[in-house]
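# Observations on the model geometry
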Amino acid sequence: MLFVLMATGALTPRAGALALLFCLGAAVAVAWLWISAVTRLAAALRRAAEEEGPLRHEMPPLPPLPALVEIEEGLARLVRSLEVRAALVGQLRAADEAIVEALPDPLLVLGPDRAPLRANQAARRLFGIAGAEGETRQGDVLALLRHPLLAGAVDRALTEARPQSLDLTLPGQATRELSAQVIPMTPPLADGGRLVVVLTDRTAARTVERMRVDFVANASHELRTPLASLMGFIETLRGPAADDPPAQQRFLGIMADQADRMRRLVDDLLGLSRVEATEHLPPQGRADVLAVLRAEAAAAEPLFAARKVRLRLDLPEGTLPADPADADQIAQVARNLLDNALRHAKEEVVMQAAPARHAGRPGVAFQVRDDGPGIPPEHIPRLTERFYRVDSGRARAAGNTGLGLAIVKHILNRHRGTLVIESPPGQGATFRVWLPGPG
């Protein structure tokens, strides 16, 4: 129109040129506003797409041009919809994680490189993993994943895309028997997990089965002699000694000793079964070893006095904590060692304790030493076996059930501690215990 007006003379060339420049500038300004707004919008959408979650950046304000106003309203509706969906997905993920965390069976999530990504609470408790929820620490978990049977099942699950089942045994101080399910995840989990390993700890059940068999075999053997004695004396009291009061009193005394022997045997068997049932579970809490030793020494004083044996304590001041530790089981260890030393001591038993390191780990050590005849070297490796006695006849007469040191061994296995037995010929025996400490 400007060119037509200038051609007809209705508009002077100078005024027409100014009008053309004004229109060109206005067009450039409108184009710049449009292009810059669209560029900012594209950048904001690109950042939102890279976040893969709720939008953390607000959409840029757009100039009030008709088409851009419609785009802005549509984007606002889209943002609100995405935020609602993202919140719903977050709630579903939190619910899934809470369910996995609360599962009673240990569960591990493995990445495509077979490395552990997550472990639920039951798995952290089984493998002694410390840390924040879901954190997996290198250690027993990697040893489990290197097990040939489990490694083969993981490979088959990845190649065949099918769940795998297996049973495996983990050797160590406390042997664990597990059933495992290896389940491939298709598609992968949100954190990249490709495999879920669900473990079922069968240790307690298998231990109970073995304990039942061992109990029948060992207990029947140990109870046979006192039961035979009791039955013989009962027949005698009913027959030849029915009218002999002095013989009756003597026989009743022997029967009481045999009954007490059976009671001690049953108590020790029950104690051993309880210890073995929990041996694979690490203890909880902390125990002051010095306080435990002093309490057990005070409780044993009447027994030492009755046998005219002196109990000497060489304990430092303050505290010596064991962590993690079960104070009741530590007390049982001290009680059994004192009882064992009292049966063999001539005049004195010495109990000592001090801080000590073992294999570079801080901890506490205590020992019980007697001045008895000592233990022949060939017997020392077998002292912690159930029902093993160096001198069976003398041990039974002294009330030894042959289970005390077996109980000590299983308790220390549970605490990841050690027991060392030293006995120079003719110089008594020393039983040295080490327990891990804090730090």
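Residues numbered from 1 in each chain as written. Predicted model: local features only at pLDDT ≥ 70, side-chain atom pairs only at ≥ 80, totals over all residues. Heavy atoms only, no water.

### Details of the packing of helix α10 (residues 327–344) against helix α12 (residues 404–414)
Spelled out, the test is: Angles here are taken between N-to-C directions and fall from 0 to 180 degrees, while the axes themselves are lines fitted to C-alpha atoms, restricted in helices to the stretch in contact. Strands are runs of DSSP state E lasting at least two residues, helices are runs of H or I lasting at least four, and both sets are numbered from the N terminus onward. To sort the angles, those under 35 degrees are grouped as roughly parallel, those over 145 as roughly antiparallel, those from 65 to 115 as roughly perpendicular, and the leftovers as oblique. Take the far helix as your reference; a near helix turned counterclockwise from it by less than a right angle gives a left-handed crossing, and one turned clockwise gives a right-handed crossing. Contacts were defined at the residue level, with two residues in contact if any of their heavy atoms lie within 4.5 Å. Side-chain classes are defined by residue name, with Ala, Val, Leu, Ile, Met, Phe, Trp, Tyr, Cys and Pro counting as nonpolar, Asp, Glu, Lys and Arg as charged, and the others, Gly among them, as polar.
Closest axis-to-axis distance for the α10/α12 pair is 9 Å, and the angle between their directions is 150°. Accordingly, the angle class assigned to the pair α10 and α12 is roughly antiparallel. Of the two possible hands of crossing, α10 and α12 adopt the one that is left-handed. In contact with Gln329, Gln332, Val333, Asn336 and Leu337 of α10, α12 contributes Gly404, Leu405, Ile407, Val408, Ile411 and Arg414. In terms of residue class, the contact of α10 with α12 is built from six nonpolar, four polar and one charged.

### Looking at the nonpolar core
Test applied: Joining through side-chain atoms within 4.5 Å is the link that ties buried Ala, Val, Leu, Ile, Met, Phe, Trp, Tyr and Cys residues into a set, and such a set is a nonpolar core. Classification of residues uses two cut-offs on accessible area relative to the type maximum, computed with a 1.4 Å probe and protein chains only: under 20% is buried, over 50% is exposed, and between them is partly exposed.
The biggest cluster of nonpolar side chains holds 59 residues, and the ones touching the most others in it are Leu337, Val349, Phe366 and Leu435. The set of elements that each furnish at least two residues to this core consists of α7 (203–238), α8 (245–277), α9 (289–306), α10, β9 (348–358), β10 (361–370), α12 and β12 (430–436). In this structure, leucine 337 is in contact with Phe366, Val368, Leu405, Val408, Phe431 and Val433, ignoring residues within four places of it in sequence.

### Some remarks on the sheet that holds strand β7 (residues 310–314)
Whenever strands of a sheet pair, they do so through backbone hydrogen bonds, lying parallel or antiparallel. Going by this rule: Between any two strands, at least two bridges found by DSSP are needed for them to pair.
Across the sheet, which stays open at both edges, the five strands sit in the order β7-β9-β10-β12-β11 with mixed pairing between neighbours. The strands lining the two open edges of the sheet, one partner per strand, are β7 and β11 (418–422). When strand polarity is set aside, the average angle formed by the axes of neighbouring strands in this sheet is 20°. Here β11 pairs with β12 via five bridges, running antiparallel. Along β12, the bridge assignment pairs glutamate 422 with threonine 430. Against the sheet, α9 contacts β7, β9, β10 and β12, and its axis sits at roughly 165° relative to β7.

### Focus on the confidence of the model for the protein
Put simply, the rule reads: Every residue gets a pLDDT, meaning the predictor's confidence in that residue, from 0 to 100.
In this model, the protein carries an average pLDDT of 82, and 87% of its residues clear a pLDDT of 70 or more. Every residue in residues 132–137 is under pLDDT 50, and counting partners more than four places away or in other chains gives 18 contacts.

### Things to note about the packing of α8 against α12
Remark: α8 packs on α12, axes separated minimally by 9 Å, with the N-to-C direction vectors making an angle of 15°. Taken together, the axis directions place α8 and α12 in an arrangement best described as roughly parallel. Pair α8 / α12 crosses with left-handed handedness. Taking contact as the criterion, the partners of Asp268, Gly271, Leu272, Val275 and Glu276 in α8 are, on α12, Ala406, Ile407, His410 and Ile411. Residues of the contact of α8 with α12, tallied by class, amount to five nonpolar, two polar and two charged.

### Considering unusual backbone geometry
Omega for the peptide link from threonine 186 to proline 187 comes to 0°, which places this bond in the cis form. Following the sequence through the fold, proline 187 ends up in the loop between β4 (176–184) and β5 (195–201). A positive phi angle, close to 55°, is found at alanine 161, a residue other than glycine. Mapped onto the elements of the fold, alanine 161 is located in the loop between α6 (148–160) and β3 (164–170). At lysine 308, a residue that is not glycine, the phi angle is positive and equals roughly 60°. For lysine 308, the position within the fold is in the loop between α9 and β7.

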